[in-house]
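Examining the three-dimensional arrangement
Chain by chain, the residues run as shown.
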Amino acid sequence: MADPTAKANSKLRQRLTWWGTALLIAAGATVLALGAMATSIGHDIEARTWDWRVRQWTPDRAATDAVILEIDEGSLRWLSRHEKVPWPLPRDVWCRILTELKMAGAKAVVFDVLFSEISEFDEPFATCIAEHGAVALAWQCMGDEAVAPPTWRVDGRGVASLPQRSCKPVVPVDAIGAAAAYGGRVEMEPDPDGVIRRATPLLRFESGAEAFPALGLAAAMLAGHHTPTVVAGALRFGDTRL
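Residues numbered from 1 in each chain as written. Predicted model: local features only at pLDDT ≥ 70, side-chain atom pairs only at ≥ 80, totals over all residues. Heavy atoms only, no water.

Check the secondary structure of the protein and you find seven helices and 10 strands. Counting the 242 residues in the protein, one finds 29% classified as buried. Here the protein displays about 16700 Å² of accessible surface, and carbon together with sulfur accounts for 58% of that area. (Helix = DSSP H or I, 4+ residues; strand = E, 2+ residues; numbered from the N terminus. Buried < 20%, exposed > 50% of the residue type's maximum accessible area, 1.4 Å probe, protein only. Areas by Shrake-Rupley, 256 points an atom, 1.4 Å probe, with all protein chains shown as cover.)

In structure tokens, the structure reads:
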């Protein structure tokens, strides 16, 4: 007659052997996956699957409370042919556009354009920006000179844990920058296939105690009247965790 204790021990050893084998296989698969992700092929697979995941999660309908006015080749040709307007667009043209947007009821306007060169229409354009009252401007870290960063920044607890980098800012000219309500960084960091899949919402420069928002986050701050906070290493904007 078989010993019940020996039989139970045998079953226990079989289960332990099965679980140990499963764990070894899982660990090996994880190591192989991590190794593959470090290669260009792995990065490409991750990028493609990320594209698929974004498509699955994206709502069928775009938000109706945000409108993008795109500067494309067709509009530039039309302006050149019918209005005799050259490129870059003179800032009196931007002033006209901003006035039309205000009349159309735009609560906030965000310019993804660098106004870093002095022009004869800076003062009138600055007046248009100030009259609107809710305009955000773009700036970037691609300068050749050490210029002070703009005043559009986020202070507060947790900022010290954010990523940091060195920066030589390219900022709007003084008159235009002073008239804006807010502003944000524009930095394009495309993947090897040319697609931009990631951005840094808040970035700290050098060892400073303040962080600078990306233009998209600055637009949300301007329109939503929220200030992002960093809690336990996570960036929160209102009720949303970024």
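Under the definition given, this model contains one disulfide. Paired through a disulfide, Cys 95 and Cys 128 show a sulfur-sulfur distance of 1.6 Å. Pair noted here: Cys 95 is in helix H4 (residues 91–103) and Cys 128 is in helix H5 (residues 122–132), with a separation of 33 residues, a long-range link. The pair formed by Cys 95 and Cys 128 is uniform in burial state, with each residue classed as buried. (Disulfide = S-S within 2.5 Å.)

Going residue by residue along strand E6 (residues 202–205), you find Leu 202 and Arg 204 tucked away on one face and Leu 203 and Phe 205 tucked away on the opposite face as well. Here two bridges tie strand E4 (residues 164–165) to E6, and the two strands are oriented parallel to one another. Its bridge partner lying in E6, Gln 164 is registered against Arg 204. Here E6 pairs with strand E7 (residues 210–213) via three bridges, running antiparallel. Within the sheet, the bridge partner assigned to Leu 202 lies in E7 and is Pro 213. (Pairing = 2+ DSSP bridges.)

Before going further, it helps to examine the sheet that holds E7. The four strands are arranged E3-E7-E6-E4 in an open sheet whose pairing can be described as mixed. Every other strand in the sheet has two partners, leaving strand E3 (154–155) and E4 as the edge strands with one partner each. Along the sheet, helix H7 (residues 215–224) makes contact with E3, E6 and E7, crossing E7 at roughly 90°. (Contact = heavy atoms within 4.5 Å. Axes fitted to C-alpha atoms, helices over the stretch in contact; angles between N-to-C directions.)

Moving on to the environment of Arg 153. Residue placement: Arg 153 occurs in the loop between strand E2 (135–139) and E3. Taking the relative accessible area as the measure of exposure, Arg 153 reaches 28% and is therefore partly exposed. Apart from residues no more than four positions distant in its own chain, Arg 153 is found in contact with Tyr 182, Glu 210, Ala 211, Phe 212 and Pro 213.

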